[in-house]
Amino acid sequence: MPVLSVVGYLVLAPLVGGLLDALDRRVSARMQGRQGPPLLQPFYDIKKLFSKQMIAVNSVQMLLNLSYLVFLAVAGSMLFAGADILMCLFILSTADMFLVMAASSDSSPFSTLGAGREMIQMMAYEPLTLLMAVGFYLATGSFHVGDIIQMPHSAVLVMPGFLLGFMFITAIKLRKSPFDLSTSHHAHQEMVKGITTEMAGPTLAIMNIAEYYEMVLMLGLVALFFINEHWWSWPIAIVACLVVYLLEILWDNVSARVKWRTLLDSCWVVTLLAGGLNGLILMLVR
Amino acid sequence: MAIIPILIGWPALMALVIPLLRNPRVRGRVVYVGAAVVMVLAAFLLGAWLQGGGGIVSLCGSVPVIDHLMLAGEFALMVLIVYLSIKYKKYPVVLLSVGQTGLITWSELTCPVESPTHIQLDCLSMLMILIVALVGGLICIYAVGYMQAYHQHHKDYQDRSGFFFSMLFFFLAAMLGLVLSENLVWMYFFWEITSVISFLLIGYTRTEEAVNNSFRALWMNLLGGFGFAIAIVVAAHTLHTVQLGELVAAKATIPVVLLAMAGLTKSAQLPFSSWLLGAMVAPTPSSALLHSATMVKAGVYLLIRLAPAMAGNMTGMTVAFIGGFTFIAASMMAIAQNDGKKVLAFSTVSNLGLIVACAGIGAEETIWAAVLLMIFHSVSKSMLFQAVGSIENSLGSRDIEDMHGLLLRLPRLTYIMGIGIAGMYLAPFGMLISKWVALKAFVDADNYLLVIFLAYGSATTMLYWTKWLCKLVSLHHTKVKVTDVTRKDQYLSMYIHAAATLGLCLLFPLVSSRVVTPIIEELYGTAHEVLSMSVLTTMAIMLISVIFVPSLMFLLTRSAHRHYVPIYMGGVNEGDNTYFTNSFGDPEHLYLSNWYLRFEFGRRRLMRPGVIISAGVIIVMLCMIIGGAV
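Report follows, based on the coordinates. (Residues numbered from 1 in each chain as written. Chains lettered and ligands numbered in written order. Predicted model: local features only at pLDDT ≥ 70, side-chain atom pairs only at ≥ 80, totals over all residues. Heavy atoms only, no water.)

The next thing to look at is the overall build of chain B. Looking only at helices and strands, one finds 25 helices and 6 strands in chain B. Scaling as 2.2 N^0.38, a compact globule of 630 residues should have a C-alpha radius of gyration of about 25 Å, and chain B matches this with 25 Å. If one aligns the C-alpha atoms of chain B with their principal axes, the spans along those axes are about 85 × 60 × 50 Å. Out of the 630 residues belonging to chain B, those deemed buried represent 63%. Excluding contacts between residues fewer than 6 apart, the proportion of contacts in chain B whose partners are at least 24 apart in sequence is 82%. (Helix = DSSP H or I, 4+ residues; strand = E, 2+ residues; numbered from the N terminus. Rg over C-alpha atoms; globule rule 2.2 N^0.38 Å. Buried < 20%, exposed > 50% of the residue type's maximum accessible area, 1.4 Å probe, protein only. Contact = heavy atoms within 4.5 Å.)

Below, the structure written as structure tokens:
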């Protein structure tokens, strides 16, 4: 069973991620009164990127980007294999580190700027992810995803604060406004394209695929809040993931990018209020 | 077990011989031999101990001669401190020194306590001996090459290398004696020696800053020593024993809390962190020694010994709070530092905080984590200090900003730095695994405050290491030529450290079951496996992915044909990725700086509140604990 779900994740995550990305573009376009691209546009984009000439600014960028992809795939596989959630989150951070290194290896002003901001983003979201893992441990008595999804009740019933906090920081991981500090969708903004400034063609395609893996991993973590031993919790979890994703899109469209200080302060305060309090209550009633 | 006096005596003998040698070449050779013999002796002791079946070996019953010699030694140290304090007009230090020596003497004369064993060898002290002998010995070897380059760079300082090496060996002897002592009076003697030697090492250059910093280190450590002395007096008068093991078994509140305070000063926890940060003025080998193998490890060693007596009481809570608070505060302040050695210093303080917090909780799992953190920290930190020292000698600067693109300029040193940094915080190196276990244990101990400290502290730790690593791997071509002046003996030491870091990571399950579990068994009587098999499998997956993924990707992408293009610089790239055309049409040099967030995380902003909070907590809790116990 774990093998099946890992293989399923590895094969399907880019497809699901691509479709979600397409959904994002369509919904965003409708919110802005536009038609939006066709549903398969992300796949056309990736195909085109792969067909482009391999240009690079240095010899290690591709290697670091590929490492980023593989580590994200490993992190996701651990989640879908039902392994330890804390380890999964640690690997997620390690993966992100490779992206930051890929961006700084260029020694280019805009990608270095993006890398710096990405590091701040990591610092902003990491406390919540660790506390969330602790929250799952307090709620279910185990760090293991396999045990967490076998509980009689959904975890969200006792850890709504963590879900709220996680939705807050998911905006960082999905690179959504107001927290899309390290990169942008449009190259005319103040940091050009941030960490992806020097990535082109196949390198950029790999980065995009990695983001799809990450997106599915993040939504998998959202699903973890809802899944319990009953079969009907699975469709509920999928609906919940879609709702969270649509909320993120809405938030993306109605807010402007904030400064790093606001990002850090708000994430840390939300982590402390939502996650910290929720965890404290869980610990006291244990 | 006759090897034990030789093990302690040999470095002390070397310390006496080395200053007599004037010729640097001969002295270098003698240092090599001396350090090698220390390591071999430690290995022999390990062999003899294992052959005897391991376990606890108690030695050295009543030896009045040594007791008297130690008392004489303490008086000699006191006279030295008094002389130097008066010479440099630091009078309050005199009171501390005279006070504690007087207390100990008074106690020994009025209330002599029969001691069944003075020296005890068990798993924990054996581990400490290995760390001190191997890491410390390698640092001595490294120092031979380093000090030559150091004095070529710093012509303004008087060359007192002989004295320097002598102090390094003395330090090793004192440390070995300290971890072997079971009798608190003996331990106190060695404790005082380490305080005084660190003071002499920090003041090596005799500049005004060095003198001030060395006296700060001295008074803080003497304050801890004062607590130590009071603990001995109280234990001797109320419990009629000065055996550490008996105090811990009896859970004697007042001596334990005072000894714990001594441990906190030595391991540079807030509010006593500033002495370790000031110790950076000394030549790098002494920093490496103070930070990794000796001195600060003496503090955490004592706290780990005391851990069973701190589990679940107020003393433990206080110690755990101070440790957790120091962990997060120091890791925040590390973000704002651009001096490589300062970052390492803050990270030492921060990591020690985590170890101290683990010791304060005093559960089996936390001690497991504490011991592992200690092992990994000594090796990685010693290597990082040596690498930064070598970079400084080659580059003429230890500013992280100057290390931009170091991978192209000093590749070998950069790889060593990279391994050290990865060892300090990345999955799946030991530090991270220990952190993971600590997190679980903090939850199990119902200490939510520590969980929060750990969650936030991990994030800030991540930032300061990542940005340093990124600075190193920037492929930035400069025209400034750098020659690597690092000598072979320095590389030898660093290579062994790098191999040890990687080896410890690969042999992690073995280290856990063969080294750490027996220590827990001896401290607590029982031990269960902290890491389950499934976690070890997960770790194996992580290890394989971390080592093999980048290498595999390297092989995959090496052959890929690429068309290299210049980077985008906003202004027109002049073609070399280093200069761009500015708005006046002139070429302008590209300069990329790291983020330091000085206004948010600067030492000036955080140090004072940190010291006030921690000092307040310590004073209030000390009053409550002692008041409650009397």
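There is more to say after this.
The subject of this paragraph is the packing of aromatic side chains. Overall, the coordinates contain 29 aromatic pairs over all chains when judged by the stated rule. With 5.0 Å between their ring centres and 15° between their planes, Phe71 of chain A and Phe98 of chain A make a pair best called stacked. Placement of the pair is Phe71 of chain A in helix 3 (residues 61-80) and Phe98 of chain A in helix 4 (residues 85-105), with a sequence separation of 27 residues. Judged by relative accessible area, Phe71 of chain A falls into the buried class, the value being 1%. Assessed through its relative accessible area of 9%, Phe98 of chain A is described here as buried. Consider the rings of Trp260 of chain A and Trp595 of chain B, whose centres lie 5.9 Å apart with planes at 80°: the pair is edge-to-face. (Phe/Tyr/Trp six-rings, centres within 6.5 Å; stacked < 30°, edge-to-face > 60°.)

Tallying the contact residues gives 67 residues for chain A and 62 residues for chain B. Of the roughly 5,700 Å² buried at the junction of chain A and chain B (both faces included), carbon and sulfur atoms supply 78%. By the criterion of area lost to chain B, the three top residues of chain A are Met87, Ser107 and Met283 of chain A, representing 10% of everything that side buries. There are 1 salt bridge connecting chain A and chain B. Where chain A touches chain B, the interface holds 13 residue pairs in polar contact (both at pLDDT 80 or more). Taken together, the residues of the side of chain A that touches chain B sort by class into 42 nonpolar, 18 polar and 7 charged. In this structure, strand 1 (residues 55-56) of chain A lies alongside strand 3 (residues 563-564) of chain B, joined through 2 bridges in parallel fashion. Looking across to strand 3 of chain B, one finds that Ala56 of chain A is bridged to Tyr564 of chain B. (Buried area = accessible area lost by both parts, 1.4 Å probe. Salt bridge = Lys/Arg side-chain N within 4 Å of Asp/Glu carboxyl O. Polar contact = N/O pair within 3.5 Å; in protein donor to acceptor, adjacent residues only side chain to side chain. Nonpolar A, V, L, I, M, F, W, Y, C, P; charged D, E, K, R; others polar. Pairing = 2+ DSSP bridges.)

As far as function goes, none of this settles anything; it's purely spatial.
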